[in-house]
There are 2 protein chains.
Amino acid sequence: MGGDHGPSVTLPSCARFLRDHDDANLLLVGLPDVLQTAWAQQPGVAQLAPERVKIVAASEVVSMDDPVEVALRKKKDSSMRIAIQQVRDGTAQAAVSAGNTGALMAVARYLLKTMEGIDRPAIASQMPNAKGGGTTVLDLGANVDCDSEHLLQFAVMGSALVSVLSDKEHPTVGLLNIGEEAIKGNDTIKHARTLMLKAAAKGQLAFYGNVEGNDIFKGTTDIVVCDGFVGNVALKTSEGLASMVAAFLKSEFSRSPLTRVAGAMAYPVLSAFKKRVDYRRYNGAALLGLRGLVFKSHGSADALAFGTALHRAYESARNDLLQKLETRISAAAPLLQNGLDDEDVPALPAADQEQAA
Amino acid sequence: MGGDHGPSVTLPSCARFLRDHDDANLLLVGLPDVLQTAWAQQPGVAQLAPERVKIVAASEVVSMDDPVEVALRKKKDSSMRIAIQQVRDGTAQAAVSAGNTGALMAVARYLLKTMEGIDRPAIASQMPNAKGGGTTVLDLGANVDCDSEHLLQFAVMGSALVSVLSDKEHPTVGLLNIGEEAIKGNDTIKHARTLMLKAAAKGQLAFYGNVEGNDIFKGTTDIVVCDGFVGNVALKTSEGLASMVAAFLKSEFSRSPLTRVAGAMAYPVLSAFKKRVDYRRYNGAALLGLRGLVFKSHGSADALAFGTALHRAYESARNDLLQKLETRISAAAPLLQNGLDDEDVPALPAADQEQAA
């Protein structure tokens, strides 16, 4: 039901998804009348085996500007909430929504709870890079204040995500900082670097070291870790620059009859360029650290973009992301919780230590 | 002497600057032999009145990768240091360097000291926006940990800077956040917003409210305020995206003979586009909050870009930026230091208050 366009975008995308993925079934959660009518109009759905798609009724919809409180306490029969309940109850292996991010995170966290060893779920998504792939960045806005252990948790979770969505078992992790040197950054970042080095020494992480903002687009590492404030600013700043560049190019090419001819000549090239940075190929953010898989599509996604989010959720479920997250998190557990590894555990009881000091 | 190219870029730019600004004189600070030889080769300098340019000798140069400690404690006769001494001693009205940013800030802070009412100097620079102008962003990396009062100090200093470099007496200020709503962000940001609202109510600031990363390029406000960590990430992320876009366009246009023809056709349009986002038009970051004017050019600046930095320093000196900073800072002094305005000052002595509580 969600996103800027609702079922007019999500349902065509769902129909396509079922045709492309023979082993997948869908639960369409929302206002049953709306969904039934719109679904029947999708091309080819009459040919699908009836067990492959089921409409699950919800009587309410969380709007894009509903406060988190409303989603959490008032609209208890929202499509968003019922969809996540399907995941909690094991009826669905993953939920995908194009709705309100804050509400989705809050409802998912309330219903699913966080995984053992994880204090805070994070939002992870890809940004296109110069190598032709995508750099996975997290957190993109769920956590405005993070300590060093949270950043390490993000690194471990991001590694699990990328390992199931790519062919890399040990994707590289960069810590977003304002310089590559160890002395750069604030205390939280410096300590996070130390923790990541420890995790790397134990084989729990392929830690590259500090990276800077430009490394996201260079594709220096597979994953870039930062707190949600910084990640959100980096994402939105990039979106702002991309919009400005697109608008400038458009205005320059439509300035005169001559430039319009040049634009027509350059059209195939500009399309190829656009395709390389097309956000629709990178749509589908993972809400990581919950006891269930939830993916968030961009609210303005079209059917192609929403399809990428569905595909990403499908691949994550099929490759057992949840299990892989648990394995990696439990391996790194002592570092994740209080930055201690085995050698750091005090040999003496606290009282004796005080005496010794 | 500084920057990636040294006198081969800075001196042509200086010669041009003197021709363009009849009322300006220059002190060229650095290795006298190098400067003398290179300066004599600049076109038209023989015609300049001899009092308009003077070479000030320094025996050392801070390199781009010298640690701050080296610049501060070892190279005491560096061109950077001697140049800033000219400002401190009143021999120069402003210093411009294309050298190592960290070293420049440290040496400037050591020699000039911070202004009354300012805890930490900030780095302010322009980023091009969709309105065709530039958005002034600060801090861009001098301060990795900021409290709310620091952010307010940046807002006041940024306003003074933009007021002398543009025709706006009351430039608008946005507080960089991850949403426009008052409840967004961490405690530091929320409190900074409250302080800025107070300052605005007293006419000390044209405060717009929260802005997001994309607003930098939209040009929603004249000034965007953030801590140095966030600002540095936003700046470098933008640089990374811009480089990727430029490289993609280049590679798409050189893919085949056909696309190369399209590229030739589109060349004037692409040049016009490039000019609109040309960083060289926005070069010259101000180190604000010091008892003297210091400007930092991008290290990779060419002669045109370095000229923009020189011009910016010139305009700031000519329009008495230092005096305007002092006036604005002293007006906002109680808010800047501890977030208190007159009404907040407790009516009761501390002891009575405790009793009352």
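Note that this is a predicted model, so its numbers are computed, not measured.

K.L.:
Any chance you could explain the pairing of strand β4 (residues 122–128) of chain B here in plain terms?
P.N.:
Looking along a regular strand, one sees the side chains alternate between the two faces of the sheet. Residue and element names in this part refer to chain B. The element β4 is extensively covered by neighbouring structure, given that 6 of its 7 residues are classed as buried. Across 3 bridges, the pairing between β4 and strand β9 (residues 285–288) is antiparallel. Bridging across to β9, I123 finds its partner in L287. In terms of strand pairing, β4 meets strand β5 (residues 134–138) through 5 bridges, oriented antiparallel. Bridging from a neighbouring strand, S125 pairs with V137 of β5.

K.L.:
Looking at this structure, how should I read the packing of helix α4 (residues 79–88) of chain A against helix α5 (residues 101–112) of chain A?
P.N.:
Any two packed helices are characterised by how steeply their axes cross, that is the angle between the axes, and by the distance between the axes. Residues and elements named next belong to chain A. Where α4 meets α5, the closest approach of the two axes is 10 Å, and the angle between their N-to-C directions is 35 degrees. In terms of crossing hand, the pair formed by α4 and α5 is right-handed. For the pair α4 and α5, the contacting residues are M80, R81, I84, Q85, V87 and R88 in the first and A103, L104, V107, A108, Y110, L111 and L112 in the second. Considered class by class, the residues forming the contact of α4 with α5 number 10 nonpolar, 1 polar and 2 charged.

K.L.:
Would you mind going over the relation of the copies chain B and chain A with me for this structure?
P.N.:
Each of the two copies of the chain can be brought onto the other by a rotation about an axis and a shift along it. In the superposition of chain B on chain A (RMSD 0.0 Å, axial shift 0.0 Å), the rotation amounts to 180 degrees. Interpreted geometrically, this transformation is the action of a two-fold axis. The residues that chain B uses at the interface reappear at the interface of chain A in 100% of cases, marking a shared surface.

K.L.:
What exactly am I supposed to notice about α4(A) here?
P.N.:
Since one α-helical turn is 3.6 residues long, residues separated by three or four positions face the same way. Residues and elements named next belong to chain A. Of all 10 residues that make up α4, 9 are buried, and the element is covered over most of its length. Taken as a whole, α4 has its buried residues at S79, M80, R81, I82, A83, I84, Q85, Q86 and V87. Count one or two residues on from α4 and you reach G90, which has phi positive near 80 degrees.

Conventions we followed
- Residues numbered from 1 in each chain as written.
- Chains lettered and ligands numbered in written order.
- Predicted model: local features only at pLDDT ≥ 70, side-chain atom pairs only at ≥ 80, totals over all residues.
- Heavy atoms only, no water.
- Buried < 20%, exposed > 50% of the residue type's maximum accessible area, 1.4 Å probe, protein only.
- Helix = DSSP H or I, 4+ residues; strand = E, 2+ residues; numbered from the N terminus.
- Pairing = 2+ DSSP bridges.
- Axes fitted to C-alpha atoms, helices over the stretch in contact; angles between N-to-C directions.
- Left-handed = near helix turned anticlockwise from the far one by under 90°.
- Contact = heavy atoms within 4.5 Å.
- Nonpolar A, V, L, I, M, F, W, Y, C, P; charged D, E, K, R; others polar.
- Least-squares fit on C-alpha atoms with pLDDT ≥ 70 in both.

The values are spatial; any link to function lies outside them.
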